[in-house]
Amino acid sequence: MDLLAALLCLSEGLYFSPLVNDQIEEMSTIGSFEGFQPVSLKQEGDDQPSETDQLSMEEGDPGKDSETRQISRQPSVTESTLYPNPYHRPFASRKYFVTRPGAIETAMEDLKGHIAKTSGETIQGFWLLTEIDHWNNEKERILLVTDKTLWICKYDFIMLSCVQLQRIPLSSVYRICLGKFAFPGISLDKRQGEGLRIYWGSLEQQSLFSRWNPWSTEVPYATFTEHPMKYTSEKFLEICKLSGFTSKIVPAIQNAHKNSAGSGRGKGLMVLTEPILIETYTGLMSFIGNRNKLGYSLARGSIGF
């Protein structure tokens, strides 16, 4: 009976036995014991509520302003730039020696000095493009335009030296074709994209041997497309842009035709928009070479142990 009466008194807040009072005081002092101080798990400076906390606060407070809820749910807005290309892998671009610091600048100075010394001409434009030969092989090339000449340079960006320099008089160029690449129907190695082809000789006069010789230098035309390092920086975007080269080479050729009285051609320049045919069928050589980028100055990795 004494225990039942004590419980009834405790529930009504009327009576506490000495034993119950001691237990209540002991429980109240546990939370403030020096060895059990509460510790915050938030890091320093982390005073803002998390996204989960914001959502739970918004759901639990239906009377909160709707505009405030919309702002808290909006994602952060960041500025996106074209350079460098966000989809371009930086380590892949470093494999190309042309992207190494100072490589393209050294090539420009070397070629400017050589052309000024040998021909006395002034360079009007400088581009880095990919040449596609008549067997669909890709080759890294530097193109320079003067008042009279188109220079096509094979430059070794590893040794920083000019390997081959082809000189094409602008007055001899009679046709330029712009369009997508086309291949024979039974070709096994096809490429996508667009290009530009410059003709300075007659295809009828091309020998059968030069047409089917993959190393022939007597092909009366040259085909170009954009360099794969176009989007690595703003500088490379300017010199690797095919449209920029086209806008410069067309008026230069037209002016050269006007100034050359004894050219004998008299037809002027034709600029056509049509498919660019590359007559390859099996394409085994180009398949191996283009997949391994053999036509570029590229870091191939170490050999040895």
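Residues numbered from 1 in each chain as written. Predicted model: local features only at pLDDT ≥ 70, side-chain atom pairs only at ≥ 80, totals over all residues. Heavy atoms only, no water.

Unlike most non-glycine residues, Leu-160 shows phi in positive territory, near 55°. Mapped onto the secondary structure, Leu-160 falls in the loop between strand E3 (149–156) and strand E4 (161–169). The phi dihedral of Lys-293 falls on the positive side, at around 55°, and the residue is not glycine. For Lys-293, the location among the structural elements is in the segment after helix H10 (284–291). Classification of Lys-293 by relative accessible area gives partly exposed; the value is 23%. (Helix = DSSP H or I, 4+ residues; strand = E, 2+ residues; numbered from the N terminus. Buried < 20%, exposed > 50% of the residue type's maximum accessible area, 1.4 Å probe, protein only.)

What follows covers the nonpolar core. With 23 residues, the main nonpolar core has Leu-150, Ile-176, Ile-198, Phe-224, Phe-245 and Ile-249 as its most contacted residues. Of all the secondary structure elements, the ones that give two or more residues to this core are strand E1 (125–132), strand E2 (138–145), E3, strand E6 (194–199), strand E7 (221–226) and helix H9 (242–259). With residues near it in sequence (within four places) discarded, Ile-198 still touches Leu-150, Val-173, Arg-175, Ile-176, Pro-220, Tyr-221, Ala-222, Phe-224 and Phe-245. Phe-97, Ile-142, Leu-144 and Leu-298 belong to the second-largest nonpolar core, a separate cluster that totals 22 residues. (Core = buried A, V, L, I, M, F, W, Y, C linked by side-chain atoms within 4.5 Å. Contact = heavy atoms within 4.5 Å.)

Moving on to the pattern of salt bridges. The final tally for this structure, using the stated rule, is 7 salt bridges. With its nearest N and O atoms 4.0 Å apart, the salt bridge here joins Glu-121 to Arg-167. You can see Glu-121 sitting in the loop between helix H6 (103–118) and E1 and its partner Arg-167 sitting in strand E4, a full 46 residues away along the chain. On the accessibility criterion, Arg-167 (46% relative accessible area) is partly exposed. With its nearest N and O atoms 3.0 Å apart, the salt bridge here joins Glu-226 to Lys-230. Look at Glu-226 and you get partly exposed, because its relative accessible area is 29%. Ionic contacts of the salt-bridge type, sharing partners, join the residues Glu-138, Arg-191 and Lys-293 into one network. (Salt bridge = Lys/Arg side-chain N within 4 Å of Asp/Glu carboxyl O.)

Right, let's get into the packing of aromatic side chains. All told, the structure shown has 7 aromatic pairs when counted by the stated rule. When the ring of Trp-127 is compared with that of Phe-245, the centres are 5.3 Å apart and the planes differ by 75°; the resulting orientation is edge-to-face. Taken together, the positions of Trp-127 in strand E1 and Phe-245 in helix H9 put the pair 118 residues apart, joining distant regions of the chain. Ring plane angle 65° and centroid distance 6.3 Å describe the contact between Phe-224 and Phe-245, whose orientation is recorded as edge-to-face. With Phe-224 in strand E7 and Phe-245 in helix H9, this pair connects stretches of sequence that are 21 residues apart. Taken as a pair, Phe-224 and Phe-245 share a single burial class, namely buried. Through a chain of ring-to-ring contacts, the aromatic side chains of Trp-127, Phe-224 and Phe-245 assemble into a single cluster. Above the plane of the ring of Phe-181 lies Arg-191, whose end atom (NZ or CZ) is 5.8 Å from the centre. (Phe/Tyr/Trp six-rings, centres within 6.5 Å; stacked < 30°, edge-to-face > 60°. Lys NZ or Arg CZ within 6 Å of the ring centre and 35° of its normal.)

Moving on to the environment of Thr-232. Along the chain, Thr-232 falls in the loop between E7 and helix H8 (234–239). Residues Thr-232 and Ser-93, spaced 139 residues apart in sequence, show a C-alpha to C-alpha distance of 7.1 Å. At a separation of 2.9 Å, a polar atom in the side chain of Thr-232 contacts the main-chain carbonyl oxygen of Met-229. (Polar contact = N/O pair within 3.5 Å; in protein donor to acceptor, adjacent residues only side chain to side chain.)

The next thing to look at is the confidence of the model for the protein. With 67% of its residues at a pLDDT of 70 or more, the protein has an overall mean of 77. Across residues 9–20 the pLDDT falls below 50, and counting only partners more than four positions away or on other chains, this stretch makes 8 contacts in the model. Segment residues 23–81 is flagged for pLDDT under 50; beyond a separation of four residues in sequence, or across chains, it makes 14 contacts in the model. (pLDDT = per-residue confidence, 0-100.)

With 16 residues, H6 extends 23 Å between its outermost C-alpha atoms, agreeing within 8% with the 22 Å of an ideal straight helix rising 1.5 Å per residue. At the exit of H6 stands Gly-120, carrying a positive phi of roughly 75°. (Expected span 1.5 Å × (residues − 1).)

A few words now on H9. Between its terminal C-alpha atoms H9 stretches 26 Å, which fits the 26 Å expected from 18 residues at 1.5 Å a residue. Residues of H9 that are buried: Leu-242, Phe-245, Thr-246, Ile-249, Val-250, Ala-252, Ile-253, Ala-256 and His-257.

Its place among the elements puts Ser-260 in the loop between H9 and strand E8 (270–273). Within polar-contact distance, the side chain of Ser-260 engages the backbone oxygen of His-257 at 3.4 Å.

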